[in-house]
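Secondary and tertiary structure notes
Below, each chain spelled out in residue letters.
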2 protein chains.
Amino acid sequence: MRAELIVIGDELLIGQVLDTNSSWICAHLNEIGVQVKQISTISDDGEEIINALALATSRSDVILMTGGLGPTKDDVTKQTLSRYFNSELVFDEKVLAHVKGIFEKYDRPMLPENIKQAEVLKIAEVLFNKAGTAPGMWIKQGKSHVAIMPGVPSEMKYLMEHEVLPRIKVLPGRKELIQNHILTAGLGESFLAERIAHIEDRLPAYIKLAYLPAPLQVRLRLSAEGDNHQLLKEELDSFTKEIKDELKEYCINDNEQTLEETLLDEMKNLNLSLALAESCTGGYVSHLITEIPGSSQVFLGSIVSYDNSVKVNSLGVEQKTLNDFGAVSEQTAIEMAEGVRQKLGSSYSIAITGIAGPGGGSVEKPVGTVWVAIAGIKKTYTFKYLFKNSRNGTIIRASKNALYQLIQLVREENK
Amino acid sequence: MRAELIVIGDELLIGQVLDTNSSWICAHLNEIGVQVKQISTISDDGEEIINALALATSRSDVILMTGGLGPTKDDVTKQTLSRYFNSELVFDEKVLAHVKGIFEKYDRPMLPENIKQAEVLKIAEVLFNKAGTAPGMWIKQGKSHVAIMPGVPSEMKYLMEHEVLPRIKVLPGRKELIQNHILTAGLGESFLAERIAHIEDRLPAYIKLAYLPAPLQVRLRLSAEGDNHQLLKEELDSFTKEIKDELKEYCINDNEQTLEETLLDEMKNLNLSLALAESCTGGYVSHLITEIPGSSQVFLGSIVSYDNSVKVNSLGVEQKTLNDFGAVSEQTAIEMAEGVRQKLGSSYSIAITGIAGPGGGSVEKPVGTVWVAIAGIKKTYTFKYLFKNSRNGTIIRASKNALYQLIQLVREENK
């Protein structure tokens, strides 16, 4: 079964808004074995919408369209759909009552634009949107099915989960797609490929191996499509195990978790706690950890010591250390890590201090210089990096490297 | 001049990797007046690449293609391009020397896959990639120009800035596009639209107004295309001023900055400093601020007090307050804000405490309950929210609302 996405929005084509919807939709379709073969991002323009729809319905079974259903005047989608599907727009009483209810609940006056949100294509099955005011629509045309959803992420997600995915699941002709994942860290893509080449060469044609690199990490994805689910699964699992055995310490997990999720799970199971002292990463490591539900079982807190006074007063770094070695130094990193571990009373701590740039570099300490210290149960370890990235790239890489070193240390000290 | 993007990568179509390249490319093309009319995201598959290229070259002047040039076996792009453009692959000596140099510099062995990276299409102009090992290519076909770049963001950006944008700038037929932006916060899209409807109705056909919503914010974009740059600019500026006068306190800026950048600039100009006490937002506000170069001139640091012990020991919240009112309460928020302001010695501080979920809610304090306290120069203000989002949505909305309240308070107290 072939699916494709049509994403409508001038704001995406001028680069003002990042499209996170498509990735979410693709991941959720993938989970139920539906392969997305194309995403077409187009402007809020009638002709572009019609051209994209004509192409998509000619080659795909399921078309998911997002965006262009908001209340303001720059949206032309519904008029265009009415023209394309040759179906008039009619008021849906249930949607209208729902929209009115929302405005009453928040005690806000209802505007003519809001009333128009209850208009739907006469031929469409209405996808009732409890998460907002713009209804979705489900339209069958020839052999294709078209789902139309608003672009607001929370509303799109509500409609996908409650209306669209359930309808796709029962369409005929879906083929089983099974996948295994191995998350690796610390080994570059080429070296990884060289190391497992002897396994990859033996993969049958119906098993595909993909390398999905991210900062510091490479995710390996083995996928197979076919009818005999159980046989495929056994074969896939066997190759997965071989690859894991070959890669050993570079394997973080094979359960589709992120590095952060695995770290928190392993620390939780060992009854360990974590505190952070962040300077150049400015709270980003804390954010990566606290994004995860349940992180409070491991994570106690952080001190983001951007200014040197905070390093001294809140972390207990010696003023002499700062004077003698500077804020970006192994010694300062060690005192930050040990200071936060003691003040917050955690079993492990990470400290990160560096120069994220673009300013602040020198010949001895160029922009991108980062010191990481990890205070473990037995001793404190330090790591020096020199990143050649943008400010944000350095923040991300420093954070990921620190978390990678922590997971290695937790595994080493608690095995 | 019509441009479009072809983005290659199975990892995007299964939702494993978020495409941030396209947004960056679109924004940079938009800056030089080139309008992107479509982004086609397709799989690492020869036929899909050929179909996308054939369509794109039939309707666009400039095609930018990213991805599929990595060293591993799941990349088929170069072979496909060789077939499509009917041009053999040849080794480029300069690229080969450069790739060899990189491996020598990092003292790593060179693999056969790496050597193949020096292969380029014979008809292509080679875009030398100092940021990595995969060269870009620039190909003219008929009236279209095709730029081919690797998908690694840092390498794509290097090639865009140094090789691709300079070539596009000198192509004939570019039309002037000018834009003004107004960032608003605190007023929903429909209400904004209603409030400026009388201005919008008077806009001439060649000036377009778009509403670009984000959590808490709506960016208004006025754009005009034409030949008389100066006249257009005057007219655009006049409408922009009218809208700003109408929206008053809801206007954050009109200079394309983010809310965070404007806040930091205004605080820097007033010689003010900032400290944060974050609980449910877990470091995200600190990250939003420290992403910005130069934030150290205003931002002293944060205490991320996830565990109650950190609220008591590092922020000075009374144990009695936690016992009597709970961690998520107005009283705790006030003590957190005043505590961090005093401990870190800042002029302003923000404290945020809430229940991000999915667990931890109760009848009195459901998931999504958030208290924000802002300690200003004259007094401490509090705000209560009830967000109905995902965990991450609540983290983002709580952070944005806190920053919005801070900018209003800084403006009010320092006018």
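Residues numbered from 1 in each chain as written. Chains lettered and ligands numbered in written order. Predicted model: local features only at pLDDT ≥ 70, side-chain atom pairs only at ≥ 80, totals over all residues. Heavy atoms only, no water.

Some points on the overall build of chain A
Put simply, the rule reads: In this text, helices come from DSSP runs of H or I with a minimum length of four residues, and strands from runs of E with a minimum of two, each type numbered from the N-terminal end. A 1.4 Å probe rolled over the protein chains alone gives each residue an accessible area, and that area as a share of the maximum for its type sets the label: buried under 20%, exposed over 50%, partly exposed in between. In what follows, residue pairs with any heavy atoms lying within 4.5 Å of each other are defined as contacts. The protein chains shown are the only cover counted for residues, whose accessible areas, like all others here, come from Shrake-Rupley with a 1.4 Å probe. Under the counting rule used here, the positive set is Lys and Arg, the negative set is Asp and Glu, and His together with the chain ends is not counted. Working definition for charges: the position is that of NZ of Lys, CZ of Arg, CG of Asp or CD of Glu.
The secondary structure content of chain A amounts to 16 helices and 17 strands. Overall, the C-alpha framework of chain A stretches about 75 × 60 × 40 Å when taken along its three principal axes. Looking at chain A as a whole, 60% of its 415 residues are labelled buried. Of the contacts made within chain A by residues no fewer than 6 positions apart, 68% connect residues no fewer than 24 positions apart. Surface summary for chain A: the accessible area is close to 16800 Å², and the carbon and sulfur share equals 49%. Both charge centroids of chain A, one from 44 positive and one from 54 negative side chains, sit 2 Å from each other.

Some points on the interface of chain B and chain A
By a widely used convention, the size of an interface equals the accessible area lost when the partners come together. Operational definition: Summed over both partners, the accessible surface that disappears when two parts come together, traced with a 1.4 Å probe, is what is meant by buried area. Salt bridge, as used here: a side-chain nitrogen of Lys or Arg that lies within 4 Å of a carboxyl oxygen of Asp or Glu.
Across the contact, 84 residues belong to chain B and 82 residues belong to chain A. Taken together, the two surfaces of chain B and chain A that pack against each other cover about 6800 Å², and 54% of this comes from carbon and sulfur. The largest contributions to the chain B side of the interface with chain A come from Ile14, Phe191 and Tyr306 of chain B, which together make up 9% of the buried area. The interface formed by chain B and chain A holds two salt bridges in total.

Quick notes on the sheet that holds strand β13 (residues 274-278) of chain A
Filter applied, for reference: One requirement defines pairing of two strands: DSSP has to find at least two bridges between them. Fitting a line to C-alpha atoms yields each axis, with helices limited to the stretch in contact; the angle taken between N-to-C directions then spans 0 to 180 degrees.
Taken in spatial order, the ten strands line up as β17(A)-β16(A)-β15(A)-β13(A)-β14(A)-β14(B)-β13(B)-β15(B)-β16(B)-β17(B) in an open sheet, and their pairing is mixed. The sheet is open, and its two borders are formed by β17 (380-386) of chain A together with β17 (380-386) of chain B, each paired with just one other strand. Across the sheet, the mean angle separating the axes of adjacent strands is 10° when strand polarity is ignored. Across five bridges, strand β13 (residues 274-278) of chain B lies against strand β14 (residues 299-305) of chain B in parallel orientation.

Focus on the sheet that holds strand β6 (residues 125-127) of chain A
If you walk across this open sheet you meet the twelve strands as β6(A)-β7(A)-β8(A)-β3(A)-β1(A)-β2(A)-β2(B)-β1(B)-β3(B)-β8(B)-β7(B)-β6(B), and the pairing is mixed. With partners counted over all chains shown, the strands left at the sheet margins are β6 of chain A together with β6 (125-127) of chain B, one partner each. The mean inter-strand angle of the sheet, taken between neighbouring strand axes irrespective of direction, is 20°. Summarising the sheet, strand β3 (residues 62-66) of chain A and strand β8 (residues 144-149) of chain A pair through five bridges and their orientation is parallel. Looking at the pairing, Thr66 of chain A lines up with Met149 of chain A of β8 of chain A. Those strands touched by helix α2 (residues 21-31) of chain A are β1 (2-8), β2 (35-42), β3 and β8 of chain A, and its axis lies near 165° from that of β1 of chain A. Against the sheet, helix α2 (residues 21-31) of chain B touches β1 (2-8), β2 (35-42), β3 (62-66) and β8 (144-149) of chain B, its axis set at about 165° to β1 of chain B.

A word on the layout of surface pockets
What counts, and what does not: A 1.4 Å probe that fits into a set of points on a 1 Å grid over the protein atoms alone but cannot get out defines a cavity; an open set with protein on both sides within 12 Å along at least five of seven lines defines a pocket, and lining residues are those with an atom within 4 Å of a point. Grid points are joined across faces, edges and corners, and a volume is the space filled by probe spheres set on the points. Three residue categories are used. Nonpolar comprises Ala, Val, Leu, Ile, Met, Phe, Trp, Tyr, Cys and Pro, charged comprises Asp, Glu, Lys and Arg, and polar comprises the others, including Gly.
Space inside the second largest pocket adds up to approximately 640 Å³. Lys208, Leu209, Arg221 and Ser223 of chain A together with Asp10 of chain B are, among the 26 residues lining the second largest pocket, the residues nearest its centre. Broken down by secondary-structure element, the contributors of at least two residues to the lining of the second largest pocket are β2, β9 (176-185), β10 (207-214) and β11 (217-226) of chain A together with α1 (10-13) of chain B. Residue composition of the lining of the second largest pocket, grouped by class: eleven nonpolar, five polar and ten charged.

A closer look at the relation of the copies chain B and chain A
For clarity, the cut-off: Here the copies were fitted onto each other by least squares, based on C-alpha atoms from residues at pLDDT of at least 70 in both.
Between the two copies, chain B and chain A, the superposition gives an RMSD of 0.1 Å; the rotation angle is 180° and the shift along the axis is 0.0 Å. Expressed as a symmetry operation, the mapping of one chain copy onto the other fits a two-fold axis. Taken together, the interface assignments show that 98% of the residues at the interface of chain B recur at the interface of chain A, consistent with an identical surface on both copies.

Concerning the pairing of strand β7 (residues 136-141) of chain B
Residues and elements named next belong to chain B. In terms of strand pairing, β6 meets β7 through three bridges, oriented antiparallel. Along β7, the bridge assignment pairs Glu125 with Trp138. One ladder, built from five bridges, connects β7 with β8; its direction is antiparallel. Looking at the pairing, Gln141 lines up with Ser144 of β8. The turn linking β7 back onto β8 is made up of two residues, and Gly142 within it adopts a positive phi angle of 60°.

Observations concerning the packing of helix α11 (residues 259-269) of chain A against helix α16 (residues 391-413) of chain A
Packed helix pairs are specified by the crossing angle of their axes together with the interaxial distance, meaning the distance between the axes. All names here are of chain A. Rule in force here: In this scheme, roughly parallel covers angles under 35 degrees and roughly antiparallel covers those over 145, while 65 to 115 is roughly perpendicular and the rest are oblique. Should the near helix be turned anticlockwise from the far one by less than a right angle, the crossing is termed left-handed; should it be turned clockwise, right-handed.
Orientation of α11 relative to α16, taken along the N-to-C sense of each, is 30°, at an axis distance of 10 Å. The angle between α11 and α16 places the two elements in the roughly parallel class. Between α11 and α16 lies a crossing whose hand is left-handed. In this structure, α11 contributes Leu259, Glu260, Thr262, Leu263, Glu266 and Met267 to the contact, and α16 contributes Lys400, Leu403, Tyr404, Leu406, Ile407, Val410 and Arg411.

Some words on the nonpolar core
Generally speaking, a soluble globular protein has its nonpolar side chains buried in company with each other. Stated formally: By nonpolar core we mean a set of buried residues, namely Ala, Val, Leu, Ile, Met, Phe, Trp, Tyr and Cys, connected to one another through side-chain atoms within 4.5 Å.
One finds Leu220 of chain A together with Leu220 of chain B to be the most contacted residues of the largest nonpolar core, which totals 134 residues. Leu220 of chain B has contacts with Asn180, His181, Ile182, Thr184, Leu192, Ile196, Leu209, Ala210, Tyr211, Ile243 and Leu247 of chain B, leaving out every residue within four places of it along the chain. Counting 39 residues, the second largest nonpolar core, distinct from the first, contains Met336 of chain A together with Ala337, Ala373 and Ala375 of chain B.

Some points on the packing of aromatic side chains
All names here are of chain A. Counted only if it meets this: Pairing of aromatic side chains requires ring centres within 6.5 Å, counting the rings of Phe and Tyr and the six-membered ring of Trp. Pairs whose planes differ by under 30 degrees are stacked, by over 60 edge-to-face, and all others tilted. Charge-over-ring contacts are defined here by two conditions on Lys NZ or Arg CZ: a distance within 6 Å of the ring centre and an angle within 35 degrees of the ring normal.
The final tally for this structure, using the stated rule, is six aromatic pairs over all chains. Sitting over the face of the ring of Phe128, Lys94 holds its NZ or CZ atom 4.1 Å from the ring centroid. Lying over the aromatic face of Tyr381, Lys379 brings its terminal NZ or CZ to 4.8 Å of the ring centre.

Things to note about α11 of chain A
The α-helix winds at 3.6 residues per turn, so residues separated by three or four positions along the chain end up facing the same way. For α11 of chain A, every residue scored as buried is listed here: Leu259, Glu260, Thr262, Leu263, Leu264 and Met267 of chain A. Two residues or fewer after α11 of chain A comes Asn271 of chain A, characterised by a positive phi angle close to 60°.

Nothing here speaks to function; it is geometry throughout.
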